[in-house]
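Here is how the chains run, residue by residue.
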Amino acid sequence: TIVNCDKKLIKEVNVFDIFSGKNIPEDKKSVALRIKIQASDKTLTSEEIDSISKKVIEAVSQKHGAVLRDS
């Protein structure tokens, strides 16, 4: 789902933590992801990175019912 948001710029997606328990509803898990976004021909602007991030959040939310956890 995440890679499909921008196959040209999203190079790698890794889960680095899964947490369930205190402060997480019983039927939910907190999943932390590391997403490598990289252009081969230029340095990405903050706006470009923000745009990709929004696409990723929207896609994962729609397809998997995920929500961002309050920090």
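See above for the structure.
Report on the accompanying structure. Everything quoted here is computed from the prediction, not taken from an experiment. (Residues numbered from 1 in each chain as written. Predicted model: local features only at pLDDT ≥ 70, side-chain atom pairs only at ≥ 80, totals over all residues. Heavy atoms only, no water.)

**Some remarks on helix H1 (residues 46-64)**
The α-helix advances 3.6 residues per turn, and as a result positions three or four apart in sequence lie on the same side.
Moving on, step 1. For H1, spanning 19 residues, the distance from its first C-alpha to its last is 26 Å, which sits close to the expected 27 Å at 1.5 Å a residue.
Moving on, step 2. Among the residues trailing H1, Gly65 stands out with phi positive, at a value near 70 degrees. (Helix = DSSP H or I, 4+ residues; strand = E, 2+ residues; numbered from the N terminus. Expected span 1.5 Å × (residues − 1).)

**Observations concerning a nonpolar patch on the surface**
Moving on, step 1. Taken together, the side chains of Val3, Val13, Val15, Ile18, Val31 and Leu33 present a nonpolar region at the surface, about 470 Å² in accessible area.
Moving on, step 2. Secondary-structure elements contributing two or more residues to the nonpolar patch are strand E1 (10-19) and strand E2 (30-37).
Moving on, step 3. The biggest single contributor to the nonpolar patch is E1, with 3 residues.
Moving on, step 4. Relative to the assigned elements, Val31 resides in strand E2. (Patch = residues over 30% accessible without salt bridge, like charges linked within 9 Å, V, L, I, M, F, W, Y side chains within 5 Å. Areas by Shrake-Rupley, 256 points an atom, 1.4 Å probe, with all protein chains shown as cover. Salt bridge = Lys/Arg side-chain N within 4 Å of Asp/Glu carboxyl O.)

**What about the side chain of Ser30?**
Moving on, step 1. Structurally, Ser30 is set in strand E2.
Moving on, step 2. When neighbours within four sequence positions are excluded, Ser30 is seen to be in contact with Asp17, Ile18, Phe19, Ile24 and Arg69. (Contact = heavy atoms within 4.5 Å.)

Don't take any of this as a statement about function, it's just geometry.
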